[in-house]
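# Chain and residue survey
Each chain, letter by letter, is given below.
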Amino acid sequence: MWFWEKYTSPWSLAQSGILGMNKRNHSYISRYNPRNLYPLVDDKLQTKKIALDAGVTVPDLIGTIREQHDVTRIAEMVREWPGFCIKPARGSGGKGILVILRQEDGLFYKPNGSASTVQDLERHVSNILAGLYSLGGKPDVALVEGLINFDDVFDGYSFEGVPDSRVIIFKGFPVMAMMRLSTAASDGKANLHQGAVGVGLCLRTGRALRAVQFGTPIRHHPDTGLDLYDLKVPHWDTLLTLAASCYEMSGLGYIGTDMVLDKFRGPMLLELNARPGLAIQIANGRGLVPNLKTIEKLGQVKMTVAQRVAFSKEHFGIFEE
C-alpha cells in the first residue's frame, strides 16, 4: 500500500506523526530559530563565511559580482577554471543556479551538453543581481564557485547533476535524512518539486530505506535504471557530524543541512535552510514529529556533537536484520 493512502484527514496525519506546515512554522521554526540569525543562512555568502570560521568544509569560492558594471568580469574570473557554478547568494529551491562543466573555444558547456556564450553568462549574472531568483525579489549578489568533484560511488544514481544529502537538525540532533537525486525531469537539479528523486536514508547506516518521485514510491532511477535501494552514502558518520555541528555554527535550532560528497575532500556543506521543506517525510515513509518530541523531552541536557550523533543513530536509525 502506498504510504499516504492510509491517511484521509489532517487529524489522521497528525495522529501518525506527520509534521504539517503550520505546526512546523509555529512549533519549530518560530520557536527555535531567532529571526535575527536568518541572514546567516538566507545569504549563501554569509553561510560560507561562518562555515569556514567553524572549520566546516565548503566548495571553493572563485569570486563574487555585486554590481551591474562588473558583470563583464565573469569571463576573466573563470578563465582558469575548467568548470564552475554561478548561483544567487539569496536564491532558494535551486533557482538561478548555472553549472558549467567545461569551456572550449569560447563556449561554456552545461551538464546537458548545450553551450552558452560569454553573453549568456553575463545575462545570467545580470539577472541574479536584479533579484530575479532571490527571496522577495530583492537585489542580490552572484557567487561563482568551483565545481564539486562528483564522487564515483554515486555514478548512475543521478542524472546530469550532483546528488546531495539533506539532514534535518533539531537542537543539534540529526532527526531525519534523505538523498536528492537529479533526473531528466528535474533538469539536472536536486529539487523534488521539479521531479528529482528523494531517497530516505537510515540515520544509523546511511543506507536507502525507500525512494519516491513526485510523491510516488519507485524502485529504480527513472533515467539510469539503477536500483535505488542499493544506495549507501559513504563517510556517513563524518557527514552526520558536520551536519550536527551546524547547530553551534548557525545558532538555529531547526535547520535543513544540505551536504555533498566530494571525491577528494569528502563531505562538505552546500547550504543551510532555516525553513526546510516537509517532503523528507514522504521520502522516509514516516513522520518527523515522534523524533522531534524525543529530542524535546531531553530538555537542556548538555551533549557534544559526537554524543548527539550517537543518540540519533541509536534512537532514530532503522535496525535491519
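This section reports on the structure supplied with the text.

So, how was this worked out
- Residues numbered from 1 in each chain as written.
- Predicted model: local features only at pLDDT ≥ 70, side-chain atom pairs only at ≥ 80, totals over all residues.
- Heavy atoms only, no water.
- Pairing = 2+ DSSP bridges.
- Helix = DSSP H or I, 4+ residues; strand = E, 2+ residues; numbered from the N terminus.
- Axes fitted to C-alpha atoms, helices over the stretch in contact; angles between N-to-C directions.
- Contact = heavy atoms within 4.5 Å.
- Expected span 1.5 Å × (residues − 1).
- Buried < 20%, exposed > 50% of the residue type's maximum accessible area, 1.4 Å probe, protein only.
- Core = buried A, V, L, I, M, F, W, Y, C linked by side-chain atoms within 4.5 Å.
- Lys, Arg positive; Asp, Glu negative; His and termini not counted.
- Salt bridge = Lys/Arg side-chain N within 4 Å of Asp/Glu carboxyl O.

## Observations concerning the sheet that holds strand S2 (residues 84-88)
- Strand order across the open sheet formed by four strands is S1-S7-S2-S3, with antiparallel pairing between neighbours. Single-partner strands in this sheet number two, and they are strand S1 (61-65) and strand S3 (98-100). Each adjacent strand pair in this sheet contributes to an overall mean axis angle of 15°, direction not counted.
- Along the sheet, helix H6 (residues 118-129) contacts S1, S2, S3 and strand S7 (142-146); its crossing angle with S2, the most-contacted strand, is approximately 30°.

## Details of helix H10 (residues 305-316)
- Its twelve residues give H10 an end-to-end C-alpha distance of 16 Å, which sits within 8% of 16 Å, the value for a rise of 1.5 Å per residue.
- All of the buried residues in H10 are Val305, Arg308, Val309, Phe311, Ser312, Lys313 and Phe316.
- The secondary structure elements touched by the buried residues of H10 are strand S9 (173-181), helix H7 (236-250) and helix H9 (289-296).

## A word on the sheet that holds strand S4 (residues 102-104)
- Sheet architecture is open: three strands sit in the order S4-S5-S6, paired in antiparallel fashion. Both edges of this open sheet fall to S4 and strand S6 (115-116), since each of them pairs with a single strand only.
- Relative to S6, strand S5 (residues 107-109) is paired through two bridges, and the arrangement is antiparallel. When the sheet's bridge partners are listed, Tyr109 is paired in S6 with Ala115.

## Some thoughts on unusual backbone geometry
- For Phe214, which is not glycine, the phi dihedral falls at a positive 55°.
- Overall, the relative accessible area of 55% leaves Phe214 in the exposed class.
- Of note, the phi angle at His235 is positive, near 55°, even though the residue is not glycine.
- Locating His235 in the fold gives a position in the loop between strand S12 (216-217) and H7.
- Residue class for His235 comes out partly exposed when judged on its relative accessible area of 47%.

## Section: the pairing of strand S8 (residues 164-170)
- The element S8 is largely enclosed, with a buried count of seven among its seven residues.
- On S8, burial covers both faces: Asp164, Arg166, Ile168 and Phe170 on one face and Ser165, Val167 and Ile169 on the other are all buried.
- Between S8 and S9, which pair antiparallel one after the other, the connecting turn spans two residues, and Lys171 there sits at a positive phi close to 55°.
- Pairing between S8 and strand S13 (residues 254-262): six bridges, direction antiparallel.

## A closer look at H7
- Along its 15 residues, H7 runs 22 Å from first to last C-alpha, staying within 8% of the 21 Å computed at 1.5 Å per residue.
- When H7 is considered as a whole, its buried residues turn out to be Trp236, Leu239, Leu240, Leu242, Ala243, Ala244, Ser245, Cys246, Met249 and Ser250.
- Phi turns positive one or two residues past the end of H7, at Gly251, with a value near 80°.

## Let's talk about the nonpolar core
- Ranked by internal contacts, the top residues of the largest apolar core, which has 63 residues, are Tyr254 and Leu269.
- If you tally residues by element for this core, the top one is H7, at eight residues.
- In terms of nonpolar packing, the next biggest core, distinct from the first, is built from 18 residues, Ile65, Val71, Ile100 and Leu129 among them.

## Details of the side chain of Arg24
- Following the sequence through the fold, Arg24 ends up in helix H2 (residues 21-32).
- Here Arg24 occupies a buried position and makes no salt bridge, while the nearest side chain of opposite charge, Asp42, is found at 11 Å.
- Those residues in contact with Arg24 that lie beyond four places of it in its chain are Leu19, Ile29, Tyr254, Arg275, Pro276, Gly277 and Leu278.

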